[in-house]
Amino acid sequence: MSSNFLNPVNTQTWTNGRHVVRCVKVIQETWDVRTFCFMADQPILFFFKPGQFVTLELEIDGESVMRSYTISSAPSVPYSFSLTIKRVPGGRVSNWLHDNLSEGDQVPVHGPVGLFNAIDFPADKVLFLSGGVGITPVMSMTRWFFDTNANVDMVFIHSARSPKDVIYHRELEFMASRIVNFSLHLICEKQNLGEAWAGYRGYLNQKMLELMAPDYLEREIFCCGPTPYMVAVKQLLQANGFDMRRYHEESFGATPPEVREDVKELAEQAADAPQVPAADLNQVEFLATGKSIRIGPNETVHAAAAQLGLHIPKACGMGICGTCKVMKRSGEVEMEHNGGITDEDIAEGYILSCCSVPKGDVTIDF
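Being a predicted model, the structure only gives us computed values, none of them experimental.

Caption draft 1: Inspection of the pattern of salt bridges at higher detail. The tally for this structure, following the rule as stated, stands at 17 salt bridges. Across the pair Asp 41 and Arg 22 runs a salt bridge, and its minimum N-O distance is 2.9 Å. Residue Asp 41 is found in the loop between strand E3 (33–39) and strand E4 (44–45), and its partner Arg 22 is found in strand E2 (residues 17–30); the two are separated by 19 residues along the sequence. For Arg 22, a relative accessible area of 27% gives the class partly exposed. A salt bridge links Asp 99 to Arg 87; its shortest N-O distance comes to 2.7 Å. With a gap of 12 residues between them, Asp 99 in helix H1 (residues 92–100) and Arg 87 in the loop between strand E7 (81–86) and H1 connect regions that are remote in the sequence. Taken together, the shared-partner salt bridges in this structure form one network comprising Lys 125, Asp 153, Asp 215, Glu 218 and Arg 219.

Quick look at the structure:
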């Protein structure tokens, strides 16, 4: 094709960092789920990998609050992105968003980041498993494959509490009616009085899975949902000899019990630990404020900042969301992250303060 018929695109593109966006639309998906659509005031192409998430920077009752949500739209609609959020009983952030975020409001957002995505694990045959609002990342993947006419054989299995709780119901049925490589299966735990439902009832089990996806052992599986749902799915797959290297998950819900026990044990160990010799302490200096502190060999950069009264924004504390990214000017750290930072950012000198442990004296631009 002759380049004479091509015009260069000068629109800015989205990169992992802080951006201010504006809410341009609010869609009521179900009785307790809304989709918030965002754009930038100046046109930006929101490129991301389907399945990734962003972190919202909010001010609630005068307090800065960070919360991460998966992008539910697809990068095939590049000038905007959407977040689908369920109102959680007692949930401070979700309730605030449902009650306060309206069209025209501006919100700072960090990201996009995340290892759970359809681009890094290409496959000809995929199985999407989701429960509740865990549908959002696999919906992003499905929309991407649908919009790009991808030659991917998709089986989509979603579990909801009742028919009225099925998110994106009409859109899913529309896609299933348009292409032959998209097989849709919906499961409802219960059926309320007066609700019509002819689909599967109860909970996903082996017999259902074999009926819906007889070749599930041959598929790349992407799974997201509440913790009990994730545990049940993994147990089912492992019991049938599924190659778990082809299983990818993004979980929503309470911290797993084993993680809580690990945290408790670490806290007890820290309380009983002997005083660290001065020679083993590492100095962390924060250039913008001129403050510095000496910390123990296993303490993080974020902990050092907190001890000095410096507030580096943080959401997950596990190297996932990327909110706590700062520039390291000198020194070495050991950073064990979970996808919250790109290789390009690392090459430039950025670190995630929540999971970066100094290996000597370091200086931080904060």
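Caption draft 2: Molecular detail of the pairing of strand E11 (residues 182–188). Summarising burial for E11: six of the seven residues are buried, a large majority. Bridge count for strand E10 (residues 153–160) against E11 is seven bridges, and the pairing is parallel. Counted as the bridge partner of Ser 159 is Ile 187 from E11. Between E10 and its parallel partner E11, the chain crosses via helix H3 (residues 169–178), and the hand of that crossover is right-handed. With two bridges connecting them, E11 and strand E12 (residues 200–201) associate as parallel partners. The partner of Cys 188 across the bridge, within E12, is Arg 201.

Caption draft 3: Examining the nonpolar core more closely. Counting residues in hydrophobic clusters, the biggest one holds 26 residues, and the most contacted among them are Phe 128, Phe 156 and Leu 172. Taken together, the elements giving at least two residues each to this core come down to strand E9 (125–131), helix H2 (135–147), E10, H3 and E11. The element that contributes the greatest number of residues to this core is H2, accounting for five residues. Other than its neighbours up to four places away in sequence, Phe 156 contacts Phe 128, Ser 130, Ile 135, Val 138, Met 139, Thr 142, Leu 172, Phe 182, Ser 183, Leu 184 and His 185. Listed in part, the 24 residues of the second largest apolar core include Trp 14, Ile 60, Ile 85 and Leu 101.

Caption draft 4: Spotlight on the sheet that holds E2. One open sheet accounts for six strands, arranged E6-E5-E8-E2-E3-E7; its pairing is antiparallel. Sheet topology places strand E6 (63–70) and E7 at the edges, where each strand pairs with a single neighbour. Neighbour-to-neighbour, the strand axes of this sheet turn through a mean angle of 40°, independent of strand direction. Relative to E6, strand E5 (residues 53–60) is paired through eight bridges, and the arrangement is antiparallel. Paired with Val 54 across the bridge in E6 is Tyr 69. H1 contacts E3, E5, E6 and E7 of the sheet and is inclined by roughly 80° relative to E5.

Caption draft 5: Region of the structure containing the environment of Ala 118. Looking at the secondary structure, you find Ala 118 in the loop between strand E8 (106–113) and E9. Expressed as a C-alpha distance, the spacing of Ala 118 and Cys 316, which sit 198 residues apart in the sequence, is 22 Å. When neighbours within four sequence positions are excluded, Ala 118 is seen to be in contact with Pro 50, Met 141, Phe 145 and Phe 222.

Caption draft 6: Region of the structure containing the packing of aromatic side chains. If you walk through the whole model with that rule in mind, you get 11 aromatic pairs. Consider the rings of Phe 38 and Phe 81, whose centres lie 5.4 Å apart with planes at 25°: the pair is stacked. Of this pair, Phe 38 sits in strand E3 while Phe 81 sits in strand E7, and the two are 43 residues apart along the sequence. Each member of the pair, Phe 38 as well as Phe 81, is classed as buried.

Caption draft 7: Structural view of a nonpolar patch on the surface. A contiguous nonpolar patch, built from Val 24, Met 39 and Tyr 79 and spanning about 230 Å² of accessible area, is present on the exposed surface. Residue position: Val 24 is located in strand E2. Overall, the relative accessible area of 35% leaves Val 24 in the partly exposed class.

Caption draft 8: How the structure looks around the pairing of E10. Most of E10 is tucked away, with seven of its eight residues classed as buried. Where E9 meets E10, seven bridges bridge the pair, whose relative direction is parallel. Opposite Ser 130, over in E10, you have His 158 as the bridge partner. Where the polypeptide runs from E9 across H2 and back to E10, its parallel neighbour, the crossover connection is right-handed.

Caption draft 9: Fine view of H2. Here H2 is 13 residues long and its end C-alpha atoms lie 18 Å apart, about the 18 Å a rise of 1.5 Å per residue gives. Burial runs high along H2: 10 of the 13 residues are buried. Those residues of H2 that sit buried are Ile 135, Thr 136, Pro 137, Val 138, Met 139, Ser 140, Met 141, Thr 142, Arg 143 and Phe 145. Taken from the residues just after H2, Asn 149 is the one with a positive phi, measuring 55°.

Reading the values: the criteria
Residues numbered from 1 in each chain as written. Predicted model: local features only at pLDDT ≥ 70, side-chain atom pairs only at ≥ 80, totals over all residues. Heavy atoms only, no water. Salt bridge = Lys/Arg side-chain N within 4 Å of Asp/Glu carboxyl O. Helix = DSSP H or I, 4+ residues; strand = E, 2+ residues; numbered from the N terminus. Buried < 20%, exposed > 50% of the residue type's maximum accessible area, 1.4 Å probe, protein only. Pairing = 2+ DSSP bridges. Right-handed = clockwise from strand over helix to strand, strands pointing away. Core = buried A, V, L, I, M, F, W, Y, C linked by side-chain atoms within 4.5 Å. Contact = heavy atoms within 4.5 Å. Axes fitted to C-alpha atoms, helices over the stretch in contact; angles between N-to-C directions. Phe/Tyr/Trp six-rings, centres within 6.5 Å; stacked < 30°, edge-to-face > 60°. Patch = residues over 30% accessible without salt bridge, like charges linked within 9 Å, V, L, I, M, F, W, Y side chains within 5 Å. Areas by Shrake-Rupley, 256 points an atom, 1.4 Å probe, with all protein chains shown as cover. Expected span 1.5 Å × (residues − 1).

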